[in-house]
Amino acid sequence: MKTPQRFSRRDFLHLLLLAPVSGLLAACGRALGLEVATLGPSDPVGPSPTAEPGTAATLTLPPTPACGDDDDEPTVAQTQGPFFTPNSPQRASLLEAGMPGVYMLVSGQVLGTDCQPIPGALVDFWHADADGIYDNVGFRLRGHQFADEQGRYQLETIMPGLYPGRTRHFHVKVQRPNGVVLTTQLYFPDEADNARDGIFDERLLMTMLPAENGVHGEFDFVLE
Ligand SMILES: [Fe+2]
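This is a predicted model, so every value here is computed, not measured. (Residues numbered from 1 in each chain as written. Predicted model: local features only at pLDDT ≥ 70, side-chain atom pairs only at ≥ 80, totals over all residues. Heavy atoms only, no water.)

A. Seen up close, the pattern of salt bridges. For the coordinates displayed, the defined rule picks out five salt bridges. Across the pair Arg 168 and Glu 191 runs a salt bridge whose closest N-O atoms are separated by 2.6 Å. Within this pair, whereas Arg 168 is found in the loop between β4 (152-158) and β5 (169-175), its partner Glu 191 is found in the loop between β6 (181-187) and β7 (207-209), the two being separated by 23 residues in sequence. Pair check on accessibility: Arg 168 and Glu 191 agree, each one buried. Of the charged contacts in the structure, one is a salt bridge between Asp 193 and Arg 196, with a shortest N-O distance of 2.5 Å. For Asp 193, a relative accessible area of 23% puts it in the partly exposed group. (Salt bridge = Lys/Arg side-chain N within 4 Å of Asp/Glu carboxyl O. Helix = DSSP H or I, 4+ residues; strand = E, 2+ residues; numbered from the N terminus. Buried < 20%, exposed > 50% of the residue type's maximum accessible area, 1.4 Å probe, protein only.)

B. Examining the side chain of Thr 183 more closely. Examined against the element boundaries, Thr 183 turns out to sit in strand β6. The exposure class of Thr 183 is buried, given its relative accessible area of 14%. Looking at Thr 183, its side chain comes within polar contact range of the side chain of Lys 173, at 2.9 Å. Among residues more than four places away in sequence, those in contact with Thr 183 are Ala 77, Gln 78, Thr 79, Gln 80, Trp 126, Val 172 and Lys 173. (Polar contact = N/O pair within 3.5 Å; in protein donor to acceptor, adjacent residues only side chain to side chain. Contact = heavy atoms within 4.5 Å.)

C. View of the coordination of the iron ion. The protein atoms donating to the iron ion are Tyr 134 (OH), Tyr 163 (OH), His 169 (NE2) and His 171 (NE2), with metal-donor distances spanning 1.9 to 2.1 Å. Its four donor atoms give the iron ion angles of 93 to 155° at the centre, a pattern that matches the irregular case. (Donors = N, O, S within 2.8 Å, 3.2 Å for Na, K, Ca; no water. Tetrahedral: all angles 85-135°; square planar, octahedral: opposite > 155°, others 65-115°.)

D. View of the sheet that holds β5. The strand order across the open sheet formed by four strands is β3-β2-β5-β6, and the pairing between neighbours is antiparallel. Whereas interior strands pair on both sides, the edge strands pair on one side only; in this sheet they are β3 (142-146) and β6. Put simply, the sheet's adjacent strands are angled 20° from each other on average, direction ignored. Relative to β5, strand β2 (residues 122-126) runs antiparallel, the two being bridged by five bridges. Across the sheet, residue Asp 124 finds its bridge partner in β5, namely Lys 173. (Pairing = 2+ DSSP bridges. Axes fitted to C-alpha atoms, helices over the stretch in contact; angles between N-to-C directions.)

E. Here's a closer look at the confidence of the model for the protein chain. The pLDDT averaged across the protein chain works out to 80; a share of 68% of its residues lies at or above 70. Contacts for the low-pLDDT stretch residues 1-58, under 50 throughout, to residues beyond four places or in other chains number 80 contacts. (pLDDT = per-residue confidence, 0-100.)

F. Fine view of the pairing of β5. Here β5 lies mainly inside the structure; six of its seven residues are buried. Pairing analysis gives seven bridges linking β5 to β6, with the strands arranged antiparallel. Within β6, the position partnered with Gln 175 by the bridge is Val 181.

G. Structural detail: the environment of Phe 221. Its location among the elements puts Phe 221 in strand β9 (residues 221-223). For the pair Phe 221 and Val 76, spaced 145 residues apart in the sequence, the C-alpha separation amounts to 9.2 Å. The residues touching Phe 221, leaving out its near neighbours within four places in the chain, are Thr 75, Gln 109, Val 110, Leu 111, Tyr 153, Val 172, Val 174, Thr 184 and Leu 186.

H. Structural view of the side chain of Gln 109. Mapped onto the elements, Gln 109 comes out in strand β1 (residues 103-112). On the accessibility criterion, Gln 109 (14% relative accessible area) is buried. In this structure the side chain of Gln 109 is engaged in a polar contact, spanning 2.7 Å, whose partner is the backbone oxygen of Gln 150. Not counting the four nearest positions on each side in its chain, Gln 109 is found in contact with Pro 117, Gln 150, Gly 151, Arg 152, Tyr 153, Phe 219, Asp 220 and Phe 221.

Have a look at this one:
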């Protein structure tokens, strides 16, 4: 469990770093003609109300593992599934003109179990489109990038759509330079289908951060 002090410092830094970028990216999303949702405090993707107003527990976050927590284990692996395509293009934005969907930013850090960032780590995402369909011919909604000097990655995309048998998710491969590839998936809090998905793992829940437009999920990967 994170302490309130840790929450404040960590998330303040994230907001400080990402807030201006989010606004700019949201504007780009609008320029591309994407359907951009404006979220209010009652929308389901926001931080979960976990306690009565005014109590310290209102700062409680979803149980996303983060380096330095009591549970700073390496990020758990998950099945690759049937829709991985190797050699995705290098790009930090999967948005394309006219692409339907809700604008989404995914960001975080790639860290070692020693809590140190891993510059140059590979982060390769692929996911379904707004209708729950994968592009298994080309590279639509597929792309890889390399973490910066602070181990940070940032992906612009749309919220993955649902398809039968699965809850909403991203697929991702993460690899430190010349290291072992971690294949896993990321999930959304407050998705009704999480409870019905046998692959879902709450240790892979993103933390949803405030977003001016669309949604913003954060997840830090911890590699062996
Ligand atoms: Fe999938």
